Amino acid sequence: AAILDPYIAMEKLFRSFPSYYYSLWQGMKAGDNSYSLYNIQGVLEKTIILNTASPFSRESREELGRLMGLSQAESEILLIGPEIDEIAYKFLESGDTRTLDSALLMLSLPNNEYTDATINMFLFLLEQTPSVKEYLYSAAAINETMDIRLSNLINY
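My aim in this report is to walk through the structure given alongside it, one point at a time. None of the values given here were measured: they were computed from a predicted structure. Within any chain, residue numbers begin from 1 and follow the written order of that chain's sequence. It should be noted that, the model being predicted, local features are given only for residues of pLDDT at least 70 and side-chain atom pairs only at 80 or more, the latter also being counted only at that level, while totals for whole chains, interfaces and linings use all residues. Values shown for side chains rest on all heavy atoms present in the structure; no hydrogens or waters enter the calculation.

A short note on helix H9 (residues 113-128)
To keep it simple, the criterion reads: We count a stretch as a helix when DSSP gives it H or I for four or more residues in a row; a strand needs E for two or more, and each element gets its number in order from the N terminus. Take the residue count of a helix, subtract one, and multiply by 1.5 Å to get its expected span. Accessible area is worked out with a 1.4 Å probe on protein chains only. A residue is then buried under 20% of its type maximum, exposed over 50%, and partly exposed in between. Definition of a polar contact: a pair of N or O atoms within 3.5 Å, with one able to donate and the other able to accept a hydrogen when the atoms are protein atoms, and with sequence-neighbouring residues admitted only if both atoms are side-chain atoms.
Helix length check: H9 (16 residues) gives 23 Å between terminal C-alpha atoms against 22 Å at 1.5 Å per residue, within 8%. All of the buried residues in H9 are Tyr114, Thr115, Thr118, Met121, Phe122, Leu123, Leu125 and Leu126. Here H9 starts with a cap whose side-chain oxygen sits 2.7 Å from the backbone nitrogen of Tyr114, and that cap is Asn112.

Notes on the side chain of Arg61
What counts is decided by this rule: Any two residues having at least one pair of non-hydrogen atoms within 4.5 Å are treated as being in contact.
Locating Arg61 in the fold gives a position in helix H5 (residues 55-67). By relative accessible area, Arg61 is classed as buried at 9%. Here Leu78 takes part through its backbone oxygen, which lies 2.6 Å from a polar atom of the side chain of Arg61. Setting aside its immediate chain neighbours within four residues, Arg61 contacts Ile48, Thr52, Ser75, Glu76, Leu78, Leu79, Ile80 and Glu83.

Structural data, given as structure tokens:
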């Protein structure tokens, strides 16, 4: 990691550029054997959140998922904390349950800190508005793979 110290020291100059964090995690991955989810998660999250539609973000999301044991397809629907928060805010502003669709897909993933955050978001929204419960009922009727989580949320 010492070889990356000069690069890391430049973060204050490049903190708004996803390419900076992308290059950092690429360097960390190529470096010593200390590369792990624990060491790289924050860098991957910064890469993702700075521009969620960029190629840097897509590859970083895939790497985050891989390190969590997710398949490539599962990694593509993975949302991180700030994205989950943004979904909740958009729903609270608009009342449009379609804004919850990408968060709903998260419930099909294996348990991880991001699915936990998604469940907590839904629990919060259930307390705020009845339309969320109706939305979850509809989703449960369509998707059996999420049945247990949806059932727990609906019966909360």
